Amino acid sequence: MERNSNGEWVFGGQIPRIVFGIDSLQHLPREMALLDATRALVLCTSSRRENGERIAALIGDRCVGIFDEAEMHVPVVIAKKAVAKAAELAADCVIAIGGGSTIGLAKAIALESSLPVIAIPTTYSGSEMTPIFGMTESGCKTTGKDVRVLPRTVLYDPSLTLALRAGVSVTSGINAMAHACEGLYAADANPITSMWAVEGLRALTDGLPRVVRNTADIDARSECLYGAWLCGAVLGNASVGLHHKLCHTLGGTCNLPHAETHTVVLPHALAYNAAFAPEALRQIADALGVTDAPQGLFDLAKSLGAPTALKDIGMQENDIDRCVEIAVQNPYANPAPIEAKRLRVLLENAYHGRRPSSAA
Ligand code: NAD
């Protein structure tokens, strides 16, 4: 939503049809019928092949195949193979069951073929709510935005996340929180995305500690998935700043794991922007129930057993210089100006696992 030259608010956001509820997976045949789809290619990772088989059993002869080669960061070679498979089997829709990696593969197919995607998320990273796609080739990740890749239907069934380990639950959930945090200070933020962001942050702040205490707590799982939905919707409808750009650089340059990188960097990126986005920082702190958003997020991650240092997730200290150099190269909108000196302090703090500092 933005004010046009007449001073009107215009909300042009696009979101998928959402079905949310424990055991809502059973409604998949109905959702396929609503899309007039009768030939689904089902996507999953090899380690979660049983999820693909469960879908195949549920939709019977409306499944034309299972492609179980989804991988982190959507390698182009896998995407091409999946596109060819969908064409060979004359699929008329793609059903992705899994996290952002599997949903990312479905988006790659949709980008090429315009096939409708039904996403069934099993993590909390929020990718299912966005028209953003990413693919990797020779260690280089390219991302883009295209409405064709936005899933047509998202089926949220919290019981499907019961098997998700506490660690992945936390890091994927904090990845989603990062979407909400940056959405609150985005130049194109609006009252709707801000409402989603605040409620999404509140839900994940409440749900994640309960999941860590008891991974079988279905109410806590529901709260987290609800939070992921809202935070993902923010990412789909508002732009991102320093935090997401930095994580993209760290992921691509140092080959760091996606959700863990977001988890470590977020408190530091917020501290960097704090003086330039005080209202957003206040909203984040309120949603978290703390007085200081960066410190509160750092403490939350630590208390949940998540990584807090880049050196613990594969970064080398001599990568800092290269990352600073890349991060200042392409200018982008961000509350605080992007300055090499401050970025270096940010990355040094994040590398060593120090508390976030507004001096960064
Ligand atoms: P993921 O999809 O990479 O999954 C992590 C691991 O958990 C995998 O091994 C997977 O098989 C396993 N897993 C998934 N669900 C499970 C379950 N319920 N039980 C047990 N194991 C399960 O994790 P992610 O963090 O959701 O996704 C990361 C990817 O998503 C990155 O490539 C990132 O770039 C992308 N992403 C994209 C967007 C977007 O808007 N385009 C947003 C967020 C993340």
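The residue numbers shown here count from 1 along each chain, following its written sequence. At least 70 in pLDDT is required for a residue's local features to be given in this predicted model, at least 80 for side-chain atom pairs to be given and counted, and no such filter applies to totals for whole chains, interfaces and linings, which use all residues. By convention in this description, side-chain values take in all heavy atoms of the structure and omit both hydrogens and water.

1. Details of the site of the ligand
Next, step 1: Near the ligand lie 24 residues; those nearest to it are Ser-101, Thr-122, Thr-123, Ser-125 and Thr-130.
Next, step 2: In the environment of the ligand, an oxygen atom lies 3.0 Å from a nitrogen or oxygen atom belonging to the side chain of Thr-45.
Next, step 3: Identification of polar contacts relies on pairs of N or O atoms within 3.5 Å, with a donor-acceptor requirement for protein atoms, meaning one able to donate a hydrogen and the other able to accept it, and with residues adjacent in sequence counted only if both atoms are side-chain atoms. Take Ser-47: an N or O atom from its side chain is 3.4 Å from an oxygen atom of the ligand.
Next, step 4: Protein contact buries 84% of the 860 Å² of open area that the ligand shows by itself.
Next, step 5: Elements with a contribution of two residues or more to the shell around the ligand: helix 4 (100–113) and helix 5 (166–185).
Next, step 6: Counting residues per element, the shell around the ligand draws most heavily on helix 4, which supplies three residues.
Next, step 7: In the shell around the ligand, the residues fall into six nonpolar, 15 polar and three charged.
Next, step 8: Residue-level mapping places the shell around the ligand at the junction of two domains, with at least three residues from each of domain 1 (17–161) and domain 2 (166–352). Proximity criterion: a residue is near a molecule or strand once any of its heavy atoms comes within 4 Å of it. In these tables, accessible area is a Shrake-Rupley quantity obtained with a 1.4 Å probe, and a residue counts as shielded only by the protein chains included in the view. Helix and strand definitions follow DSSP, with helices as H or I runs of at least four residues and strands as E runs of at least two, each counted in order from the N terminus. Under the convention adopted here, Pro, Cys and the residues Ala, Val, Leu, Ile, Met, Phe, Trp and Tyr are nonpolar, Asp, Glu, Lys and Arg are charged, and Gly plus all remaining residues are polar. Source of the domain bounds: an automatic or database domain assignment.

2. Focus: the pattern of salt bridges
Next, step 1: Any Lys or Arg side-chain nitrogen located within 4 Å of an Asp or Glu carboxyl oxygen qualifies as a salt bridge. For the structure shown, the criterion picks out 17 salt bridges.
Next, step 2: In this structure, Lys-85 and Glu-88 form a salt bridge, with 4.0 Å as the shortest nitrogen-oxygen distance. Here Lys-85 pairs with Glu-88, and both are found in helix 3 (residues 76–88), just three residues apart, close to one helical turn.
Next, step 3: Relative accessible area serves as the criterion here: at 28%, Lys-85 is assigned to the partly exposed category.
Next, step 4: Note that Asp-146 is salt-bridged to Arg-148, the shortest N-O span being 3.0 Å.
Next, step 5: By sharing partners, the salt bridges in this structure join Arg-17, Arg-30 and Glu-31 into a single network. Each residue's exposure class comes from its accessible area (1.4 Å probe, protein chains only) as a fraction of the maximum for that residue type: buried when under 20%, exposed when over 50%, partly exposed otherwise.

3. Here's the deal with the domain arrangement of the protein
Next, step 1: Splitting the protein by domain gives domain 1 (17–161) and domain 2 (166–352).
Next, step 2: Spacing between the C-alpha centres of domain 1 and domain 2 amounts to 25 Å.
Next, step 3: Residues are treated as being in contact if the distance between any of their heavy atoms lies within 4.5 Å. In this complex, domain 1 contributes 23 residues to the contact, which on the side of domain 2 involves 24 residues.
Next, step 4: The quantity reported as buried area is the accessible area (1.4 Å probe) lost by two parts once they are put together, taken as the sum for both. Taking both partners together, domain 1 and domain 2 bury about 1,900 Å²; carbon and sulfur atoms supply 69% of that area.
Next, step 5: The interface formed by domain 1 and domain 2 contains zero salt bridges.
Next, step 6: Viewed at the interface, domain 2 and domain 1 are joined by four residue pairs in polar contact (both at pLDDT 80 or more).
Next, step 7: Broken down by element, the side of domain 1 that touches domain 2 gets its largest block of residues, three residues, from strand 9 (residues 140–145).
Next, step 8: Considered class by class, the residues forming the side of domain 1 that touches domain 2 number 10 nonpolar, nine polar and four charged.

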